[in-house]
Amino acid sequence: MKKRYYLLLLIIITPFVAYYLFVNTEWFVPKQKELSNSKGLFKELFREITKFDRESDTIYFSEWTVRPCGNNGPYGLSKYEMKMTKINYIKQNPYFIYIDRRSIDEVSFIDNKVIISGITGGCPGSNNCFHSEVTEFDINSKKGVVIYRLNYKIIDKSTVQMDVTGNSEKKIKLLMKYKNGKWFSKKLN
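In this text, all values refer to a predicted model and were calculated from it rather than measured experimentally. (Residues numbered from 1 in each chain as written. Predicted model: local features only at pLDDT ≥ 70, side-chain atom pairs only at ≥ 80, totals over all residues. Heavy atoms only, no water.)

*Asks:* Would you mind showing me how to read the pattern of salt bridges here?
*Replies:* As a working rule, side chains carrying opposite charge can pair if their charged atoms are close by. In total, this model carries 6 salt bridges according to the counting rule given. With its nearest N and O atoms 3.8 Å apart, the salt bridge here joins Lys171 to Glu169. Given a relative accessible area of 29%, Lys171 falls into the partly exposed group. Taken together, the salt bridges that share partners define one network made up of Glu26, Lys83 and Lys86. (Salt bridge = Lys/Arg side-chain N within 4 Å of Asp/Glu carboxyl O. Buried < 20%, exposed > 50% of the residue type's maximum accessible area, 1.4 Å probe, protein only.)

*Asks:* So what exactly am I meant to see when it comes to the pairing of strand S8 (residues 147-156) here?
*Replies:* Successive residues of a regular strand alternate their side chains across the two faces of the sheet. As paired strands, S8 and strand S9 (residues 159-166) are joined by 8 bridges and run antiparallel to one another. Paired with Asn151 across the bridge in S9 is Asp163. In textbook terms, the turn of a hairpin is the stretch between consecutive antiparallel strands, and for S8 and S9 this stretch comprises 2 residues. (Pairing = 2+ DSSP bridges. Helix = DSSP H or I, 4+ residues; strand = E, 2+ residues; numbered from the N terminus.)

*Asks:* What is the right way to look at the side chain of Lys113 in this model?
*Replies:* Summarising the element assignment, Lys113 is placed in strand S5 (residues 113-120). For the buried Lys113, which has no salt bridge, the nearest side chain bearing the opposite charge is Asp53, at an N-O separation of 4.8 Å. (Lys, Arg positive; Asp, Glu negative; His and termini not counted.)

As structure tokens, then:
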């Protein structure tokens, strides 16, 4: 008779334990994979920007923009809903690119041009600035300087669509392909 009670207790407790493990661990979340040779991807991107921007001898590329601190998560979602949202996002986006020092050098030299990568915003005294280890300046005070930024969509593990903007104007649209250990670019309309 006691075995039946233990079995009943086990049947009642198991769903609660399973729910707890699902929402509080990463066991059920698939892993994203980094794209191969991300340094080569950005080197090819910079090569295309230097072809486009023939006037400047120094090109500024913003890796990311500093945003205000705070809770940027979706509001009103339960832990279960947030976990399901995360799982669905990773299933739809199984690959990622590091857009930071792991894949982008602070200073690059391509085709006799200097490419300086940094961040925009968050500088002391100004929220509209460009900052890197090499230079820091208020964007409004530098006339004629173009800050390039990147929006991208990873199509699969060997194809990335990139939209490059300069001072918020669309400049270049590229399709990047990975083949034989190297990235190649093709301009799109």
